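Structure at a glance
What follows is the residue order along each chain.
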Amino acid sequence: MDQQLSRPTWSRQIEFTLAGIGCAVGLGNVWRFPYLCYRSGGGAFLVPYLLMLVVLGIPLLYMELTVGQYMRRGPVHALANACPLLKGVGLASVAISFIMCTYYNVVITWALYYLFSSFQAPLPWQSCNNTWNTLNCTNHATNSSHSSTASQEFFKYKMLEQTGGVEEAGVIRWELFLILLLAWILIYLCIFKGVKSTGKVVYFTALFPYVILIALLINNAQLPGAINGITFFIVPEWDKLLSVEVWVNAAAQIFNSIGIGFGSLLAMSSYNSFNNNVLKDTLTIAIINSVTSILAGFVIFSAFGYMSHLQGIPVSNLAVDGPGLVYIVYPQAFANMPVSQLWAVMFFFMLLCLGLDSEFAMVEVMVTSLMDEFDQRMMKFFKRKELFVLAVCGTACLLGIPCVMQVGIYVFQLMDHYTAIVSIMFLAFFEVIAICWSYGVTRLSDNLEEMTGKRANIFFRLCWLIVAPVLITVILIFSIIQFKPARYEDYIFPPWAQGVGWVIAMASIIWIPLGAIHTLWVLPGSLLQKLKLSITPYALNEMSKKAYYERGGNREDGYPAIAAISSTIPLPDKPPIQTYF
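Re the overall build of the chain
Secondary structure summary: the chain contains 24 helices and four strands in total. The C-alpha atoms of the chain give 24 Å as radius of gyration, which agrees with the globular expectation for 581 residues (25 Å, within 12%). Summarising its shape, the C-alpha atoms of the chain cover approximately 75 × 50 × 45 Å along the three principal directions. By the burial criterion, 60% of the 581 residues in the chain qualify as buried. Accessible surface, the chain: about 22600 Å² in total, of which carbon and sulfur atoms supply 68%. Charged side chains in the chain number 33 positive and 32 negative. The centres of these two groups are separated by 7 Å.

Quick look at the nonpolar core
The nonpolar side chains of a soluble globular protein tend to be buried with one another. Counting 196 residues, the largest nonpolar core has Trp110, Phe155, Tyr327, Phe347 and Trp464 as its most contacted members. Per-element tally for this core: the top contributor is helix H18 (residues 408–452), with 24 residues. Beyond its immediate sequence surroundings of up to four residues, tryptophan 464 is in contact with Pro59, Leu60, Tyr62, Met63, Cys436, Trp437, Val441, Leu444, Ser445, Leu448, Ala456 and Pro469.

What about the packing of aromatic side chains?
In the structure shown here, the tally under the stated rule is 51 aromatic pairs. When the ring of tryptophan 125 is compared with that of phenylalanine 348, the centres are 6.2 Å apart and the planes differ by 80°; the resulting orientation is edge-to-face. Linking tryptophan 125 in the loop between helix H6 (88–117) and strand S1 (137–138) with phenylalanine 348 in helix H16 (residues 340–382), this pair joins segments that are 223 residues apart in sequence. Here tyrosine 410 and tyrosine 488 contribute two aromatic rings whose centre-to-centre distance is 5.8 Å and whose plane-to-plane angle is 85°, an arrangement assigned as edge-to-face.

Side note on the state of the cysteines
Overall, the coordinates contain one disulfide when judged by the stated rule. Residue cysteine 128 pairs covalently with cysteine 137 via a disulfide, S to S 2.0 Å. Here cysteine 128 and cysteine 137 share a disulfide; its torsion about the S-S bond, -70°, makes the bridge left-handed. Accessibility assignment for this pair places cysteine 128 and cysteine 137 in one class, buried. For the unlinked cysteine cysteine 23, the closest cysteine sulfur is that of cysteine 101, found at 13 Å. By relative accessible area, which is 10% here, cysteine 23 ends up buried. Cysteine 353 takes part in no disulfide bond, and the closest cysteine sulfur to it belongs to cysteine 190, at a distance of 9.5 Å.

Description of the pattern of salt bridges
Side-chain pairs of opposite charge can arise whenever the charged atoms involved come near each other. Inspection of every chain in the model, using the stated rule, returns ten salt bridges. Across the pair arginine 73 and aspartate 372 runs a salt bridge whose closest N-O atoms are separated by 3.4 Å. In this pair, arginine 73 sits in the loop between helix H4 (46–71) and helix H5 (75–82) while aspartate 372 sits in helix H16, placing the two residues 299 residues apart along the sequence. Judged by relative accessible area, which is 1%, arginine 73 ranks as buried. Look at aspartate 372 and you get buried, because its relative accessible area is 5%. For the salt bridge of arginine 173 with glutamate 175, the shortest nitrogen-to-oxygen distance reads 3.2 Å. Through salt bridges with shared partners, one network takes in Arg39, Glu245 and Lys484.

Details of the side chain of glutamate 153
Considering the arrangement of structural elements, one finds glutamate 153 in helix H7 (residues 150–160). Despite its burial, glutamate 153 pairs with no opposite charge; the closest candidate is lysine 156, at 7.8 Å N-O. Of the polar contacts made by the side chain of glutamate 153, one reaches the side chain of threonine 134; its length is 2.4 Å. Other than its neighbours up to four places away in sequence, glutamate 153 contacts Trp132, Asn133, Thr134, Asn136, Cys137, Ser148 and Lys158.

Regarding the packing of helix H1 (residues 13–24) against helix H9 (residues 195–205)
In the contact formed by H1 and H9, the axes pass within 9 Å of each other and the chain directions differ by 70°. Between H1 and H9, the angle is such that the two are roughly perpendicular. As H1 packs across H9, the resulting crossing turns out to be left-handed. When H1 is examined against H9, the residues Ile14, Glu15, Leu18 and Ala19 are found in contact with a partner set consisting of Val195, Gly199, Lys200, Val202 and Tyr203.

As for unusual backbone geometry
Following alanine 121, the chain continues into proline 122 via a peptide bond in cis, with omega recorded as -5°. Although it is not a glycine, arginine 72 sits at a positive phi angle of roughly 55°. You can see arginine 72 is positioned in the loop between H4 and H5. A residue is classified by how much of its surface remains accessible, and arginine 72, at 1% relative accessible area, is buried.

Section: the environment of alanine 486
By secondary structure assignment, the location of alanine 486 is in the loop between helix H19 (458–481) and strand S3 (487–488). Judged by relative accessible area, alanine 486 falls into the buried class, the value being 1%. In contact with alanine 486, other than residues within four places in its own chain, are Leu414, His417, Tyr418, Ile492, Phe493 and Gln498.

Calculation criteria
- Note that residues are indexed from 1 along each chain, following the sequence as it is written.
- In keeping with the model being predicted, local features are shown solely for residues with a pLDDT of at least 70 and side-chain atom pairs are shown and tallied solely at 80 or more, while totals for entire chains, interfaces and linings include all residues.
- Values reported for side chains reflect all heavy atoms of the structure, with hydrogen atoms and water molecules removed beforehand.
- Numbering of helices and strands starts at the N terminus; helices are DSSP runs of H or I of at least 4 residues and strands are runs of E of at least 2.
- Both definitions apply: the radius of gyration is a C-alpha atom measure, and the globule rule equals 2.2 Å times residues to the power 0.38.
- Partly exposed describes any residue whose relative accessible area lies between the buried limit of under 20% and the exposed limit of over 50%, with all areas from a 1.4 Å probe on protein chains only and scaled to the type maximum.
- Here the Shrake-Rupley method, with its probe set to 1.4 Å, supplies the accessible areas, and only the displayed protein chains count as covering residues.
- Counting rule applied: Lys, Arg positive; Asp, Glu negative; His and chain ends not counted.
- Each charge is placed at NZ for Lys, CZ for Arg, CG for Asp and CD for Glu.
- Buried Ala, Val, Leu, Ile, Met, Phe, Trp, Tyr and Cys residues that are joined via side-chain atoms within 4.5 Å together make up what is termed a nonpolar core.
- What makes two residues a contact is simply this: any of their non-hydrogen atoms within 4.5 Å.
- The rule is short: rings of Phe, Tyr and Trp, with Trp giving its six-membered ring, pair when the centres are within 6.5 Å, and they are stacked under 30 degrees, edge-to-face over 60, tilted in between.
- Cysteine sulfur atoms that pair up within 2.5 Å are treated as a disulfide.
- By definition, a salt bridge exists where a carboxyl oxygen of Asp or Glu is found within 4 Å of a side-chain nitrogen of Lys or Arg.
- Pairs of N or O atoms within 3.5 Å make up the polar contacts considered here, provided that, within protein, one atom can donate a hydrogen while the other can accept it, and that residues adjacent in sequence are counted only when both atoms are side-chain atoms.
- All axes are obtained by fitting lines to C-alpha atoms, using only the stretch in contact for helices, and the reported angles, taken between N-to-C directions, cover 0 to 180 degrees.
- Reported orientations rely on four angle classes, namely roughly parallel under 35 degrees, roughly antiparallel over 145, roughly perpendicular from 65 to 115, and oblique for the rest.
- The hand of a helix crossing depends on one turn: near helix anticlockwise from the far one by less than a right angle means left-handed, and clockwise means right-handed.

All we've got here are geometric facts, nothing functional implied.
Following this line, the structure appears as structure tokens:
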């Protein structure tokens, strides 16, 4: 079965905007952002965060959506067209999305586990009178290393049944495995029809979390002590701004949160109509994403204030660490609220919605890229696209099994550290070089003018040409200098585990040099000619055409799958591109 001559598009443009918001707004907004705020001196974090949003987040999202919509291809083909030498960046973004979707779904699994547990009265993490509790259990949060709270023990000993370290694998947690299976079934049902089914699901998954966040904020703001938490969140500790780490964290949060470099939004924008207003979508997605983070900050910090009031300790002394924020600190706050079951069910259902639409954006990258590249072979083998999507989901589900074993939390932390922190900055760096410098800001502006009738303004052109590449370079250098090995709470991973972490990081980064070697291998001419061609946009198209015919894919009209556009031929006025991509 041949790929459709015209690429499928969203039924209505609002569906893309909602899918983009759903993809950008994820669990990171609820736990990573408040956690970084907490660690970086509360309000002080908002200053670099908002600055990075304006000079990095919005311009780079604009760039990605423009490239996706114009090329009408997933990240692999779009980047191969933009800069053949760096086509590996597209492959790397597919690899990183696939690695992330295998372990990100475990967070959704935990949310489902807590959601099912929230229908009990009293809540199972409310007291220490359970079979899994230890003698050191206490109902009040404490910084003492000798005691642990009821919610910590529920997370560690009931749900995870975690082992002492990554050396002890333990056994598979069958409850968690079945819930992981359920999570993948939910994702499959959301995306098996492609953009047509995803477009309908996002009406709910992208909008409903806001209803819950606002309800939680209204409830939390009335609790005693809430104002202390909110004050900690808003009032900056200015001396923290002198720390480079705060600025690097702010930039990394913008990248992770909006999803720059992951290829998800680029893949989704390739299903837009050719003349869609890209700037409107960019501003909507980026601003709503940051507003959500700040709204979640108010919700979480008001709960922090309430807990510090209950325990009589300052907000800055609460024990908070990464995902534990959502699964340990927050459930503990619910346990003391009136109608605790209702708030717990709402909160974990919100986490499920937030997680789902980010997750199926990652899976969509893999599906789009493989369908763009191997559509005929895939269809010959699987017969239907739905079966192919099932195979991708099934593979990712199997790869997620180590995360639902008793050693799972260590595997999760290792994968998250080396994927979300190490790989993504390398990817963003090379993507910006490929599009802003090799493909060129002028060409990008021409593409925008062709699609929307307006060129990019001077602010965006400056950000693309100078600000973004320089800032990303600085952040990348500091990330390398200040790199800290992975750890979970007080447990430091042994050297062999750090080695495994680097293998996970390299599984995505390695495609960049491999892609460059392959491009230089297939291009004709001497080494100098090869190098010159390799940074010429669309230079690989002749090769793509040849490879296409070699695999016996003649279309009835005789056109190649990829429109061959050389840099010397003036572009046609309007979209034959739409037809052949």
